[in-house]
Amino acid sequence: MRTGREPLDLPLPSLLDVIYAWWVEGGTEKDVAKFRQALEAPPVEAQLEGREEWSDEETDQSFARALAGSG
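Below is a short write-up of the structure. (Residues numbered from 1 in each chain as written. Predicted model: local features only at pLDDT ≥ 70, side-chain atom pairs only at ≥ 80, totals over all residues. Heavy atoms only, no water.)

A few words on the overall build of the protein. Helices and strands together make up the secondary structure of the protein, namely 3 helices and 0 strands. Secondary structure elements in the protein, listed N-terminal to C-terminal, are α-α-α. In terms of its C-alpha atoms, the protein occupies a principal-axis envelope of roughly 35 × 35 × 20 Å. Taking all 71 residues of the protein together, 6% fall into the buried category. Charged side chains of the protein number 7 positive and 15 negative; the gap between the two group centres comes to 7 Å. (Helix = DSSP H or I, 4+ residues; strand = E, 2+ residues; numbered from the N terminus. Buried < 20%, exposed > 50% of the residue type's maximum accessible area, 1.4 Å probe, protein only. Lys, Arg positive; Asp, Glu negative; His and termini not counted. Charge placed at Lys NZ, Arg CZ, Asp CG, Glu CD.)

Written as C-alpha coordinates, this is what we have:
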(Lines give C-alpha, C1' and ligand atoms only; values in the text may rest on other atoms or scores of the structure.)
Protein backbone atom coordinates (compact mmCIF):
# COMPACT_ATOMS: atom_id res chain seq x y z
CA MET A 1 0.00 0.00 0.00
CA ARG A 2 2.87 2.34 0.64
CA THR A 3 4.68 1.86 -2.67
CA GLY A 4 3.81 5.22 -4.19
CA ARG A 5 1.87 3.53 -7.00
CA GLU A 6 -1.51 4.89 -8.00
CA PRO A 7 -4.02 2.38 -6.57
CA LEU A 8 -6.54 2.90 -9.39
CA ASP A 9 -3.90 1.79 -11.91
CA LEU A 10 -3.78 -1.65 -10.29
CA PRO A 11 -5.74 -4.61 -11.67
CA LEU A 12 -9.07 -4.94 -9.87
CA PRO A 13 -8.09 -7.96 -7.72
CA SER A 14 -4.96 -6.13 -6.52
CA LEU A 15 -6.91 -2.95 -5.81
CA LEU A 16 -9.41 -4.92 -3.74
CA ASP A 17 -6.52 -6.51 -1.81
CA VAL A 18 -5.17 -3.03 -1.05
CA ILE A 19 -8.59 -1.82 0.11
CA TYR A 20 -9.05 -4.91 2.29
CA ALA A 21 -5.59 -4.55 3.85
CA TRP A 22 -6.23 -0.86 4.55
CA TRP A 23 -9.62 -1.60 6.08
CA VAL A 24 -8.44 -4.32 8.48
CA GLU A 25 -5.11 -2.73 9.39
CA GLY A 26 -4.90 -2.42 13.14
CA GLY A 27 -8.11 -4.36 13.73
CA THR A 28 -8.38 -7.10 16.30
CA GLU A 29 -8.81 -10.69 15.21
CA LYS A 30 -12.46 -10.48 16.23
CA ASP A 31 -13.00 -7.26 14.24
CA VAL A 32 -11.38 -8.77 11.14
CA ALA A 33 -13.48 -11.96 11.44
CA LYS A 34 -16.65 -9.88 11.75
CA PHE A 35 -15.67 -7.78 8.73
CA ARG A 36 -14.89 -10.90 6.64
CA GLN A 37 -18.25 -12.42 7.58
CA ALA A 38 -20.04 -9.27 6.47
CA LEU A 39 -18.11 -9.25 3.18
CA GLU A 40 -18.80 -12.89 2.38
CA ALA A 41 -22.50 -12.96 3.26
CA PRO A 42 -24.88 -12.01 0.44
CA PRO A 43 -27.46 -9.35 1.21
CA VAL A 44 -30.70 -10.80 2.58
CA GLU A 45 -32.65 -9.54 -0.45
CA ALA A 46 -30.17 -10.95 -3.00
CA GLN A 47 -31.72 -13.04 -5.74
CA LEU A 48 -28.95 -15.58 -6.40
CA GLU A 49 -30.92 -18.39 -8.06
CA GLY A 50 -30.36 -18.48 -11.82
CA ARG A 51 -27.92 -15.56 -11.65
CA GLU A 52 -25.36 -15.45 -14.44
CA GLU A 53 -21.76 -15.47 -13.23
CA TRP A 54 -19.30 -12.91 -14.57
CA SER A 55 -15.77 -13.75 -15.59
CA ASP A 56 -12.83 -11.88 -14.06
CA GLU A 57 -12.30 -10.14 -17.40
CA GLU A 58 -15.93 -8.94 -17.54
CA THR A 59 -15.66 -7.66 -13.98
CA ASP A 60 -12.41 -5.80 -14.76
CA GLN A 61 -13.96 -4.23 -17.86
CA SER A 62 -17.10 -3.19 -15.99
CA PHE A 63 -15.00 -1.61 -13.22
CA ALA A 64 -12.82 0.24 -15.77
CA ARG A 65 -15.93 1.61 -17.51
CA ALA A 66 -17.32 2.78 -14.16
CA LEU A 67 -14.06 4.58 -13.33
CA ALA A 68 -14.04 6.21 -16.77
CA GLY A 69 -17.62 7.36 -16.29
CA SER A 70 -19.03 5.49 -19.27
CA GLY A 71 -21.82 2.99 -18.94
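Right, let's get into the pattern of salt bridges. Evaluated as defined, the whole model comprises 1 salt bridge. Across the pair R36 and E40 runs a salt bridge, and its minimum N-O distance is 2.8 Å. Taken together, the positions of R36 and E40, both in helix 2 (residues 29-40) and 4 residues apart, correspond to about one turn of that helix. (Salt bridge = Lys/Arg side-chain N within 4 Å of Asp/Glu carboxyl O.)

Another point: the packing of aromatic side chains. As enumerated under the stated definition, the model contains 3 aromatic pairs in all. Members of the aromatic cluster, joined through ring pairs, are Y20, W22, W23 and F35. (Phe/Tyr/Trp six-rings, centres within 6.5 Å; stacked < 30°, edge-to-face > 60°.)

Residues L16, I19, W22 and W23 make up a contiguous nonpolar surface patch of about 470 Å² in total accessible area. With respect to the helices and strands, I19 occurs in helix 1 (residues 12-24). (Patch = residues over 30% accessible without salt bridge, like charges linked within 9 Å, V, L, I, M, F, W, Y side chains within 5 Å. Areas by Shrake-Rupley, 256 points an atom, 1.4 Å probe, with all protein chains shown as cover.)

We now examine helix 3 (residues 56-68). The first and last C-alpha atoms of helix 3 sit 18 Å apart over 13 residues, in line with the 18 Å expected at 1.5 Å per residue. Downstream of helix 3 by a residue or two, G69 has a phi angle that is positive, lying close to 85°. (Expected span 1.5 Å × (residues − 1).)

Moving on: the environment of L12. The residue L12 is located in helix 1 in this model. As a C-alpha pair, L12 and P42 span 30 residues in sequence and 20 Å in three-dimensional space. In this structure L12 touches T59, D60 and F63, once residues within four positions along its chain are discounted. (Contact = heavy atoms within 4.5 Å.)

Time to look at the packing of helix 1 against helix 2. Across the interface, helix 1 lies against helix 2 with an axial gap of 10 Å and an inter-helix angle of 140°. Put simply, helix 1 runs oblique to helix 2. Relative to helix 2, helix 1 is oriented so that their crossing is right-handed. From helix 1, Y20, W23 and V24 reach across to helix 2, where they touch V32, F35, R36 and L39. (Axes fitted to C-alpha atoms, helices over the stretch in contact; angles between N-to-C directions. Parallel < 35°, antiparallel > 145°, perpendicular 65-115°, else oblique. Left-handed = near helix turned anticlockwise from the far one by under 90°.)

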